[in-house]
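# Descriptive analysis of the structure
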Amino acid sequence: MKPKAILKMIVDLAMTVLLFCLMAYLLVGEAAHEWLGVAMFCLFILHHALNWNWHKNLIKGRYTPLRILQTGINVLILLSMIGLMVSGIIMSREVFDFLPISGGMGFARTLHMLASYWGFLFMSLHLGLHWSMMMGMMRKAAGIKKPAAIRTWLLRVLVILLAVFGVYAFIKNDIASYMLLRTHFVFFDMEQPLVLFFLEYLGMMALWAAIAYYIGKL
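Just so it is clear, the structure is predicted and the values come from calculations on it, not from any experiment.

Criteria and cut-off values
- Residues numbered from 1 in each chain as written.
- Predicted model: local features only at pLDDT ≥ 70, side-chain atom pairs only at ≥ 80, totals over all residues.
- Heavy atoms only, no water.
- Salt bridge = Lys/Arg side-chain N within 4 Å of Asp/Glu carboxyl O.
- Helix = DSSP H or I, 4+ residues; strand = E, 2+ residues; numbered from the N terminus.
- Buried < 20%, exposed > 50% of the residue type's maximum accessible area, 1.4 Å probe, protein only.
- Core = buried A, V, L, I, M, F, W, Y, C linked by side-chain atoms within 4.5 Å.
- Contact = heavy atoms within 4.5 Å.
- 1 Å grid on protein atoms, 1.4 Å probe; cavity = no way out; pocket = protein on both sides within 12 Å on 5 of 7 lines; lining within 4 Å.
- Points joined across faces, edges and corners; volume = space filled by probe spheres on them.
- Nonpolar A, V, L, I, M, F, W, Y, C, P; charged D, E, K, R; others polar.
- Phe/Tyr/Trp six-rings, centres within 6.5 Å; stacked < 30°, edge-to-face > 60°.
- Lys NZ or Arg CZ within 6 Å of the ring centre and 35° of its normal.

## Observations concerning the pattern of salt bridges
For the coordinates displayed, the defined rule picks out two salt bridges. Close ionic contact of Glu30 with Arg93 constitutes a salt bridge, the shortest N to O distance being 3.9 Å. Linking Glu30 in helix α2 (residues 30-50) with Arg93 in the loop between α4 (65-91) and α5 (105-129), this pair joins segments that are 63 residues apart in sequence. Judged by relative accessible area, Glu30 falls into the partly exposed class, the value being 32%. Between Glu200 and Lys172 there is a salt bridge whose closest N-O contact spans 2.6 Å. Linking Glu200 in helix α9 (residues 194-217) with Lys172 in helix α7 (residues 149-172), this pair joins segments that are 28 residues apart in sequence.

Here you go:
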């Protein structure tokens, strides 16, 4: 594989790991959350720089339903990231505490919550729409010429199990109430092991990614 392709994979993997850590918020600590947020934003910029050809080709070619869906989700991710960064700077008590910002805390909290949960959904959909491409890159990196039927079915079963668990996690954590602003405060079970928290969000990511993947297939 070319060095640029390897770097893309590393950046995307790092962003995925950071996304889970950022969703944990209180479980990882407020100061760590702020620094991880800055790292995520920097990787987001790098991700777009590495995929600059996509930007150059935005006004070129025919827009199929799949391309419209992919582009729309990318725009929504961009808006989510902007919302997260703006609200994060306003609420910052560590990284951007030196800035002379006062007021707007209520608006920033609401915006941050909305952008966090909707952003997680949009990023999961983005992952699902590009799943085939990413698996192809991983097979190429591992030197696998073509997918084995058994491995493919095992992966599908794993994703289905994760997606079913994701439905449970979505309902259990009442994520819809945060996304629809039925509540303005996020509840964290401080006694929940961090591993279980990550597993629940992995399930939810698998759920949205699987939906996007099969919509893309259709």
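Further notes follow.
## Considerations on the nonpolar core
If you look at the biggest cluster of nonpolar residues, it comprises 43 residues, and the most contacted ones within it are Met40, Tyr117, Phe120, Ile175, Tyr201 and Met204. Sorting the residues of this core by element identifies α1 (3-24), α2, α4, α5, α7, α8 (175-179) and α9 as the ones contributing at least two each. Tallying contributions element by element places α5 first for this core, with 10 residues. Apart from the residues lying within four places of it in its own chain, the contact partners of Met40 are Met15, Leu18, Leu19, Leu22, Met81 and Met123.

## Section: empty space enclosed by the protein
Using a probe with the size of a water molecule, rolled over the atoms, empty space left in the structure can be pinpointed. Scanning all chains against the criterion turns up one cavity of 30 Å³ or more. When its volume is computed, the largest cavity comes out at roughly 60 Å³. For the lining of the largest cavity, the secondary-structure elements that each account for two or more residues are α5, α8 and α9. Each residue belonging to the lining of the largest cavity can be placed in one class, and the counts come to nine nonpolar, no polar and no charged.

## Here's the deal with the packing of aromatic side chains
One pass over the structure, following the stated rule, counts 12 aromatic pairs. Seen in terms of ring centroids, Phe197 and Phe198 are 6.1 Å apart; in terms of plane orientation they differ by 70°. Their pairing is edge-to-face. By relative accessible area, Phe198 is classed as partly exposed at 23%. Taken together, Phe20, Tyr25, Phe120, Phe188, Phe197, Phe198 and Tyr201 form an aromatic cluster joined through their ring pairs. Its end group placed over the ring of Tyr63, Arg67 keeps NZ or CZ at 3.9 Å from the ring centre.

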